[in-house]
Amino acid sequence: MFATADNVLAVDMLRSVHERFEAMQDRSERWVTGNINSFTTTDPALAKILSIAAQSFDLSGMTGVEQWCHYGTKPGWHVDKDEQLFRSTGFLSYPICSIVFYAKADNLVGGRFLTEDFAVTPKTNSLLVFAPGIEHGVED
């Protein structure tokens, strides 16, 4: 299952996302504990993104989010999983769903999100939500 949305965040929220992640290097990861309601006051942009995902997936059992930030990097083919658990035990635990949010997608040549039978061209302020266990990557 795949769901997409455009014009996800208001201009001020999108600006706050840019500011937060600009300081990060090429590729970074962080875990944030919480549920949809807890992010409403602490991270309204994330709460908005999660509320859109919750239209397609039941997020009531979520305990937090793992966030990745990519700037010009090309993740290889992979399946989203609990990275910390996998590194420590080798056990694969998949998220409720995966969300790709394009905070900034300017001057792209290629770079489409790909699965075996699905492709999405990145667009600023859009998102893609998809089911767990789906292998995906990014074209050159």
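Each remark here, short or long, concerns the structure printed above.
Residues numbered from 1 in each chain as written. Predicted model: local features only at pLDDT ≥ 70, side-chain atom pairs only at ≥ 80, totals over all residues. Heavy atoms only, no water.

## A few points about the environment of R87
- With respect to the element layout, R87 can be found in helix α4 (residues 83-89).
- Under the relative-accessibility criterion, R87 is labelled exposed at 54%.
- Spatially, the C-alpha atom of R87 lies 32 Å from that of L14, the residues being 73 residues apart in sequence. (Helix = DSSP H or I, 4+ residues; strand = E, 2+ residues; numbered from the N terminus. Buried < 20%, exposed > 50% of the residue type's maximum accessible area, 1.4 Å probe, protein only.)

## Notes on the sheet that holds strand β1 (residues 2-5)
- Pairing in this open sheet of three strands is antiparallel, and the strands run β1-β7-β4 from one edge to the other. Each having just a single partner strand, β1 and β4 (98-102) make up the two edges of the open sheet. For this sheet the average axis-to-axis angle between neighbouring strands, irrespective of direction, equals 15°.
- In the sheet, β4 pairs with strand β7 (residues 126-130) via five bridges, with the strands oriented antiparallel. Among the inter-strand pairings, V100 is bridged to a residue of β7, identified as L128. (Pairing = 2+ DSSP bridges. Axes fitted to C-alpha atoms, helices over the stretch in contact; angles between N-to-C directions.)

## Looking at the pairing of β7
- Of all five residues in β7, five are buried; the element is thus mostly enclosed.
- Residues S126, L128 and F130 point to one face of β7 and L127 and V129 to the other, with burial holding for every one of them.
- Both β1 and β7 contribute to a ladder of four bridges, which runs antiparallel. Residue pairing in the sheet places A5 in a bridge with L127 of β7.

Worth remembering: the numbers are spatial, not functional.
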